[in-house]
Amino acid sequence: MLGGSSLNLKETELCLGLPGGGVGEGETLKVTGKRGFSETVDLKLNLQSDEAAMDLKDKMKSSSKDNCIKDAVKPPAKAQVVGWPPVRSFRKNIMAQKNNQAEETTEKAGGGSAAFVKVSMDGAPYLRKVDLKMYKSYQELSDALAKMFSSFTMGNYGTQGMIDFMNESKLMDLLNSSEYVPSYEDKDGDWMLVGDVPWE
Amino acid sequence: MSHDPAEMSEDDERPPPADRGRVEYASPHADQVLENVLENVLVFLTCRRDRSSVSLVCKSWCRAEALTRSELFIGNCYAVSPARATERFERVRSVALKGKPRFADFSLLPPDWGAHFAPWASAMAGAYPGLEKVYLKRMSVTDEDLAVLARSFPQFKELALVCCEGFGTSGLAVVASHCRQLRVLDLIESEVTDDEVDWISCFPDGETSLESLIFDCVECTINFNALERLVARSSSLKKLRLNRYVSIVQLYRLMIRAPQLTHLGTGSFSPSEIVQQGDQEPDYASAFAACRSLVCLSGFREIIPDYLPAIYPVCANLTSLNFSYANINAEQLRSVISRCHKLQIFWVLDSICDEGLQAVAATCKDLRELRVFPIDAAENNEGPVSDVGFLAIAEGCRKLQSILYFCQQMTNAAVIAMSNNCQDLVVFRLCIIPRYRADRITEEPMDEGFGAIVKNCKKLTRLAVSGLLTDRAFSYIGQYGKLVQTLSVAFNGDSDMGLKYVLEGCSSLQKLEIRDSPFGDSALLSGLHHYYNMRFLWMSSCRVTRRGCREIAQQMPGLVVEVFSWNNDAQDRGEENDTVETLYMYRSLARRVDAPKYVEIL
């Protein structure tokens, strides 16, 4: 079931995948409000909501069938007529406001979507995905990444060649040492050192 | 408020004291007894139309009626002067005033046109010390006016401001703090300036008499803690409509304090902060379940559809549901509407599509009023709702009385179907958004559809037309629309004949608003026999000329004929043969003294 198969992409709070929280009829009516955005973007910390929306749009065009809000085939632009259609200015303003709010960054409170980004570590066999919204600072992110990649760490530590990956504190030291530095690829494709740009 | 068009009748002059003395001298007691008896009886007469009839019987009945009228309704604030009204009716407890013409809602009236509440406020301050209720619609109200209300009427209980502007939170603060017996404070679709005054905190301490607090249109933050305390000490509160700055968590806190609510506006219906996975969220559904008397639900201003299931517990009892700010799709709607078997009033956005309307039609067999608003107000070839959803409603909701439907495409067949199925229709307002659009399938004008509505729906009193219409449509309206009181026309018709048909045929016509239609002086002049029976006529961007308007003004001294355009002032009036941009005329016992420069009164 494609919930919210809306092409009104400015409203990014609509689910693409299964409704978040998976609340069904027989289940407890308690809702979590958690959204399961299956769409991801590459690790670009400077998230542009327009770019995200554009990616979404391409994906949706290929995957959606009957759309609720059909892509309107606009006739050649007619002159704007004052007061037509007869929707009260109050209501028009409200709707315009909603569109504006949705256009703001997806991190906006209540906007709903998680901000998943791919994370890769040199030498790791596979990549991980992390929800940036879960963390409030670089330190938190760094710790989380460290935990995530703890199972992969091999290499230069010790002459034994094999790391004792159950030893967490050593792991943390390793990961936090100068051997590994968190970096990210920004929208220009450049590798940047984490920490320069303020978290927000 | 009822929309009974009956109003104050033409006033008789009161007999001078000398005459009265002479009559009394002849039979002093009989006259007095009659009036006393009459007054005691008339006190029970509440219907405006009846009161109007009573006042026309004779002078003493007129006097008795005036003394016993406690509810004053003035459908056009410029129809009579405040002084005259307060002089005739001495013992009024409730006043309802309507100001600007409806097309002001669509930016067709230049700003500062008028409808000021101030002269009424000061007249009433002197005349009605016992005033309890004020209802204003499309009036210009200032903070000072609100202060006058708050200071002048110690018994003041109910204030409703609908589609008003000119005031702010500082005015609200004065009302909250001074009106100690306040039961009702309803702000509906009004523009409220943010003066950064914490008006919620201005309600007096201790138990309040509040029964209704509606502020969903107030576009500024409020002191939530103060609101929570206010709700906690208002045990009579039945109606609470929050603005979009109240989050769903805050809503929860209010609901658990007020399970007695019957009408609830939910505010934003989303969290104000990011909800982390694993966060403990309140049990919203149980809060709704606790409100056993809830019958009317609205709000959902920034809805996150995931929270919709919280309202399931109340759906079975709902008679009124307003989703018109909720961008939800058919599937999301279905889960709610399928439980709303008792629903009578439903407002919604067209995001629900034809499928959503089919779901409504399948369940809401008791539906009386439906309004479908457009998310996208642009003219398009296609839209989410069309004649398909309209037909579903026509077939499923046989008890429909009132419909407002915006769409991009429509067919005569669907409209005819509704005219046959929904015999109880009183209000039919169809807005086909693209101007001059014909029947989607036959490509014919929409004449037959609207014709069927006026012909088959024998109770119809309000009609708004749209789409491609020829004069034939208007001939149908004139021929069959004998009960039509309000008619709205926009971008329709071929010639003067269209308007002539209406003015000559619609004998109950009260309010006629026309824009961008090819009706000129000849048509205008064909209504002379009827204009005194009407509240107003509005014609903008039509073909009436200054000469034609002046002709009307000369022939009908009881009408105020206003002519204006957006860019005119006194120096730049234009020639007699020029078409006027806007004509607004209305019956009146007074001349306007507060008209802005761009208004010319002929």
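Everything numeric here is computed off the predicted structure, so don't read it as measured data.

1. What about the overall build of chain B?
Part 1 of the argument: Within chain B, the regular secondary structure consists of 21 helices and 23 strands.
Part 2 of the argument: Taking 25 Å as the expected radius of gyration for a compact globule of 602 residues, we find that chain B reaches 26 Å, a close match to that expectation.
Part 3 of the argument: Dimensions of chain B along its principal axes, counting C-alpha atoms only, are 85 × 65 × 50 Å.
Part 4 of the argument: Across the 602 residues of chain B, 61% fall into the buried class.
Part 5 of the argument: Here the contacts in chain B between residues at least 6 apart in sequence split such that 72% fall between residues at least 24 apart.
Part 6 of the argument: Surface accessibility of chain B: about 22900 Å² in total, with carbon and sulfur atoms responsible for 50%.

2. Side note on the state of the cysteines
All names here are of chain B.
Part 1 of the argument: Summed over the entire model, instances satisfying the criterion amount to zero disulfides over all chains.
Part 2 of the argument: Between Cys 77, a cysteine without a disulfide, and Cys 164, which holds the nearest cysteine sulfur, the sulfur-to-sulfur distance is 10 Å.
Part 3 of the argument: Since its relative accessible area comes to 3%, Cys 77 is described here as buried.
Part 4 of the argument: Here Cys 220 is not cross-linked by a disulfide; its sulfur's nearest cysteine counterpart is in Cys 217, at 9.5 Å.
Part 5 of the argument: Exposure remark for Cys 220: the relative accessible area of 2% places this residue in the buried category.

3. Brief notes about the packing of aromatic side chains
Any two aromatic rings considered together are summarised by their centre-to-centre distance and by the angle between their planes.
Residue and element names in this part refer to chain B.
Part 1 of the argument: Using the criterion set out here, one finds 26 aromatic pairs over all chains in the structure.
Part 2 of the argument: Measuring from centroid to centroid gives 5.8 Å for Phe 103 and Trp 538, while their planes differ by 80°, and the two rings are edge-to-face. With Phe 103 in the loop between β2 (94–98) and α6 (118–127) and Trp 538 in strand β20 (residues 536–540), this residue pair connects regions lying 435 residues apart in the sequence.
Part 3 of the argument: Note on Trp 538: relative accessible area 0%, which makes it buried.
Part 4 of the argument: Ring geometry for Phe 300 against Phe 323: centres 4.9 Å apart, planes inclined by 70°, an arrangement best described as edge-to-face. Within this pair, whereas Phe 300 is found in the loop between β11 (296–298) and α12 (312–315), its partner Phe 323 is found in strand β12 (residues 320–323), the two being separated by 23 residues in sequence.
Part 5 of the argument: Classification of Phe 300 by relative accessible area gives buried; the value is 0%.

4. Topic: the nonpolar core
Part 1 of the argument: Of all hydrophobic cores here, the largest spans 186 residues; its most connected members are B:Phe323 and B:Phe428.
Part 2 of the argument: Those residues in contact with B:Phe323, other than ones at most four positions away along the chain, are B:Phe300, B:Leu308, B:Ile311, B:Ile328, B:Leu333, B:Val336, B:Phe346, B:Trp347, B:Val348 and B:Leu349.

5. Re the UniProt feature "domain: Transport inhibitor response" (unreviewed entry) in chain B
Part 1 of the argument: Annotation from UniProt places "domain: Transport inhibitor response" (unreviewed entry) at residues 91–136 of chain B.
Part 2 of the argument: The span residues 91–136 of chain B shows a helical share of 22% and a strand share of 20%, and its end C-alpha atoms are spaced 19 Å apart.

6. Regarding helix α19 (residues 496–505) of chain B
All names here are of chain B.
Part 1 of the argument: With seven of 10 residues buried, α19 is to be regarded as a mostly interior element.
Part 2 of the argument: Along α19, the residues that are buried comprise Asp 496, Gly 498, Leu 499, Lys 500, Val 502, Leu 503 and Gly 505.
Part 3 of the argument: Looking at the buried side of α19, the elements it contacts are α18 (471–480), β18 (486–490), β19 (511–515), α20 (521–525) and β20.

7. So, the pattern of salt bridges
It is possible for side chains of opposite charge to pair when their charged atoms get near one another.
All names here are of chain B.
Part 1 of the argument: Using the criterion set out here, one finds 30 salt bridges over all chains in the structure.
Part 2 of the argument: For Arg 151, the salt bridge is made with Glu 144, and the minimal N-O distance between the two is 3.4 Å.
Part 3 of the argument: Classification of Arg 151 as exposed rests on a relative accessible area of 54%.
Part 4 of the argument: In this structure Glu 144 comes out as partly exposed when scored by relative accessible area, which is 46%.
Part 5 of the argument: Of the charged contacts, one joins Glu 331 and Arg 334 as a salt bridge, the two residues approaching to 3.8 Å between their closest N and O atoms. On the criterion of helical spacing, the pair formed by Glu 331 and Arg 334 is a turn pair, its members being three residues apart in helix α13 (residues 330–337).
Part 6 of the argument: When its relative accessible area of 40% is taken as the criterion, Glu 331 is described as partly exposed.
Part 7 of the argument: Look at Arg 334 and you get partly exposed, because its relative accessible area is 35%.

8. Let's talk about the side chain of B:Asn243
Part 1 of the argument: Examined against the element boundaries, B:Asn243 turns out to sit in the loop between β9 (239–242) and α10 (248–257).
Part 2 of the argument: Of note is the side chain of B:Asn243, whose polar atom sits 2.8 Å from the backbone oxygen of B:Val218.

9. Quick word on the packing of helix α7 (residues 143–152) of chain B against helix α8 (residues 169–178) of chain B
Residues and elements named next belong to chain B.
Part 1 of the argument: It is at 8 Å that the axes of α7 and α8 come closest, and there the two elements cross at 5°. Considered as vectors, α7 and α8 are oriented roughly parallel to each other. Contacts from Asp 143, Leu 146, Ala 147 and Ala 150 in α7 reach Ser 170, Gly 171, Leu 172, Val 174, Val 175 and His 178 in α8.
Part 2 of the argument: The residue makeup of the contact of α7 with α8, split by class, is six nonpolar, three polar and one charged.

10. Observations regarding the side chain of B:Lys500
Residue and element names in this part refer to chain B.
Part 1 of the argument: Here Lys 500 lies in helix α19.
Part 2 of the argument: The charged side chain of Lys 500 is buried without a salt bridge, its nearest counter-charge being Asp 496 at 5.5 Å.
Part 3 of the argument: Once residues within four sequence positions are removed from consideration, Lys 500 is found in contact with Ser 522, Ala 523 and Ser 526.

What counts and how
- Residues numbered from 1 in each chain as written.
- Chains lettered and ligands numbered in written order.
- Predicted model: local features only at pLDDT ≥ 70, side-chain atom pairs only at ≥ 80, totals over all residues.
- Heavy atoms only, no water.
- Helix = DSSP H or I, 4+ residues; strand = E, 2+ residues; numbered from the N terminus.
- Rg over C-alpha atoms; globule rule 2.2 N^0.38 Å.
- Buried < 20%, exposed > 50% of the residue type's maximum accessible area, 1.4 Å probe, protein only.
- Contact = heavy atoms within 4.5 Å.
- Areas by Shrake-Rupley, 256 points an atom, 1.4 Å probe, with all protein chains shown as cover.
- Disulfide = S-S within 2.5 Å.
- Phe/Tyr/Trp six-rings, centres within 6.5 Å; stacked < 30°, edge-to-face > 60°.
- Core = buried A, V, L, I, M, F, W, Y, C linked by side-chain atoms within 4.5 Å.
- UniProt positions renumbered as here; feature names shortened; annotations may be inferred.
- Salt bridge = Lys/Arg side-chain N within 4 Å of Asp/Glu carboxyl O.
- Polar contact = N/O pair within 3.5 Å; in protein donor to acceptor, adjacent residues only side chain to side chain.
- Axes fitted to C-alpha atoms, helices over the stretch in contact; angles between N-to-C directions.
- Parallel < 35°, antiparallel > 145°, perpendicular 65-115°, else oblique.
- Nonpolar A, V, L, I, M, F, W, Y, C, P; charged D, E, K, R; others polar.
- Lys, Arg positive; Asp, Glu negative; His and termini not counted.

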